[in-house]
Amino acid sequence: MDAILIITILIVVFALAFDFINGFHDTANAIATSVSTKALKPRHAIILAATMNFVGALTFTGVAKSITKDIVDPFQLENGSIVILAALIAGIFRNLLTWYYGIPSSSSHALIGSVAGAAIAAAGLDSLNYTGFLKIIQALIFSPLIAFAVGYIIYSIFKVIFRNNNLTKTNRNFRLVQIGTAALQSFTHGTNDAQKAMGIITIALITNGYQTHDDIQFWVQFSCAAAMALGTSVGGWKIIKTVGGKIMKIRPINGVAADLTGAAVIFGATFIHLPVSTTHVISSSILGVGTAHRVKGVKWDTAQRMLITWVITLPISALIAGLTYLLLNAIL
């Protein structure tokens, strides 16, 4: 077995591992609100999230193609295999670290920052496709702001529509609605997040000469969807606790507003082939809803800690990936 094939297999294994970790790291994004309001039992919520993540991941490939060609040019990438392997190792390390501490940090930021950092270490700043890379960065920055605004607006509308309704009856009805919104949010999560590892594997296949186009092969799509669904089935209870209760006290009507907001923003990004951080979008949706409900009810210390983590994730991931590349390049 030649070295190129061995490295390619390693990349596929690490990419699937990243998707698996991404699954249990980001499970909270889709189901935390429904669990915290008791709309769904934790086990049922996880099964629902895993199933809908899988279905969503098999539905689209536009984001995967953006990852394949918009960060770096896979047809021109120097030492492409080692770059991708270093990026995956750095991304996995970052995800496990934030999961251990229960911080809802962005897997997308970690992976995209890692690819950029490893590529720069390999071939300098000119290795980046700045047009595509800046487009991705803009999507990562603006999507949480949009989610905050949309969450605020949707919940404000809910307050007007249901202001005269009986609170107990309204919450009971919204608990039922929340089962559907949790499923919708899990589906949209799969349409965006699972595609990132698909794009990474495709870069490796191109740079190693196993593929001459940027289309996503079905076995890549299916294996990434399965890995994320399996990871989702494990659950990420520490992050579920943070997203579901440490940002604000969530009631069913709040949860539905946040779920609808998150699903709309994520699917909108998927539709225009842009990768976004589901963690940032959903957490920002909850913050927007919480602000519309009662500003003092939002636990801003938790929000501040999350914001700091979000800001530093991309540059730290890039640094870790760059150092990992230099180490791997010296060894291999």
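Per chain, residue numbering runs from 1 following the sequence as it is written. Local features in a predicted model are, by the rule used here, given only for residues with pLDDT of at least 70; side-chain atom pairs are given and counted only at 80 or more, and totals for whole chains, interfaces and linings are based on all residues. The basis for every side-chain value is the complete set of non-hydrogen atoms in the structure, without hydrogens or water.

Asks: Would you explain the packing of aromatic side chains in this entry?
Replies: Working definition: an aromatic ring pair is given by the centre-to-centre distance plus the angle between the planes. What counts as a ring pair is set by centres within 6.5 Å for rings of Phe, Tyr and Trp (its six-membered ring), and what kind of pair is set by the plane angle: stacked under 30 degrees, edge-to-face over 60, tilted for all other angles. Counting across every chain of the model gives 6 aromatic pairs. Between F158 and F174, the aromatic rings sit 5.6 Å apart at their centres with planes inclined by 50°, giving tilted as the arrangement. Of this pair, F158 sits in helix α6 (residues 130–161) while F174 sits in helix α7 (residues 167–207), and the two are 16 residues apart along the sequence. Each residue is assigned to one of three classes by its accessible area relative to the maximum for its type, calculated with a 1.4 Å probe on protein chains only: buried under 20%, partly exposed between the two thresholds, exposed over 50%. A relative accessible area of 13% means that F158 is categorised as buried. For helices the rule is a DSSP run of H or I covering at least 4 residues; for strands it is a run of E covering at least 2, with both sets numbered from the N terminus onward.

Asks: Explanation requested: the environment of S114 in the structure shown.
Replies: Turning to its location among the elements, S114 is positioned in helix α5 (residues 107–123). Spatially, the C-alpha atoms of S114 and F271 are 25 Å apart, while their sequence positions differ by 157 residues. Here a polar contact is recorded for every N or O atom pair within 3.5 Å, except that within protein the pair must consist of a potential hydrogen donor and a potential acceptor, and residues adjacent in sequence are included only if both atoms are side-chain atoms. Among the polar contacts listed, one links the side chain of S114 to the backbone oxygen of A110, at a separation of 2.6 Å.

Asks: How should helix α3 (residues 62–70) be read in this particular structure?
Replies: Each full turn of the α-helix corresponds to 3.6 residues, which orients residues three or four apart in the same direction. Of all 9 residues that make up α3, 7 are buried, and the element is covered over most of its length. Among the residues making up α3, those that are buried are G62, V63, A64, S66, I67, T68 and D70.

Asks: Please clarify how the packing of helix α4 (residues 80–100) against α5 should be interpreted in this entry.
Replies: What describes two packed helices is the angle between their axes and the distance between those same axes. Packing of α4 against α5 leaves a shortest axis separation of 8 Å and a crossing angle of 145°. Remark: the crossing between α4 and α5 carries right-handed chirality. Contact with α4, carried on its side by V83, A86, A87, L88, A90, G91, R94 and N95, involves S107, A110, L111, S114, V115, A118, A119 and A122 of α5 and no other residues of that element. Under the grouping applied here, Gly and all other residues not named as nonpolar or charged are polar, the nonpolar ones being Ala, Val, Leu, Ile, Met, Phe, Trp, Tyr, Cys and Pro and the charged ones Asp, Glu, Lys and Arg. By residue class, the composition of the contact of α4 with α5 is 11 nonpolar, 4 polar and 1 charged. Interaxial angle, 0 to 180 degrees, is taken between N-to-C directions of lines fitted to C-alpha atoms, where a helix line uses only the stretch in contact. Definitions for this section: a left-handed crossing has its near helix turned counterclockwise from the far helix by less than a right angle. A right-handed crossing has that turn clockwise. Whether two residues are in contact is decided by their heavy atoms: any pair within 4.5 Å suffices.

Asks: Looking at this structure, how should I read a nonpolar patch on the surface?
Replies: On the surface, a nonpolar cluster with roughly 420 Å² of combined accessible area is contributed by L307, I308, V311, I312 and I316. Mapped onto the fold, I308 is located in helix α12 (residues 300–331). Like-charged residues are merged into a patch within 9 Å and nonpolar side chains (Val, Leu, Ile, Met, Phe, Trp, Tyr) within 5 Å, provided each residue has over 30% relative accessible area and no salt bridge. Areas reported as accessible are Shrake-Rupley estimates using a 1.4 Å probe. Residue values count occlusion only from the protein chains shown. By definition, a salt bridge exists where a carboxyl oxygen of Asp or Glu is found within 4 Å of a side-chain nitrogen of Lys or Arg.

Asks: Help me understand the nonpolar core, please; the structure alone is not making it clear to me.
Replies: Proteins that are soluble and globular tend to have nonpolar side chains buried together. One finds I71, V83, L88, M198 and I200 to be the most contacted residues of the largest nonpolar core, which totals 51 residues. Looking at this core, the elements with two or more residues in it are α1 (3–36), α3, α4, α5, α6, α7, α8 (218–234) and α12. Sorting elements by how many residues they give to this core places α4 first, with 9 residues. If we skip the residues at most four places from it in the chain, V83 touches L77, E78, V115, A118, A119, A122 and Y325. Each nonpolar core is a collection of buried residues, namely Ala, Val, Leu, Ile, Met, Phe, Trp, Tyr and Cys, held together in the definition by side-chain atoms within 4.5 Å.

Asks: Please clarify how the side chain of S34 should be interpreted in this entry.
Replies: Position of S34 among the secondary structure elements: in helix α1. The exposure class assigned to S34 is buried, which follows from its relative accessible area of 0%. In contact with S34, other than residues within four places in its own chain, are A39, L40, A45, Q178 and A182.

From the geometry alone we can't say anything about function, so treat these as descriptive.
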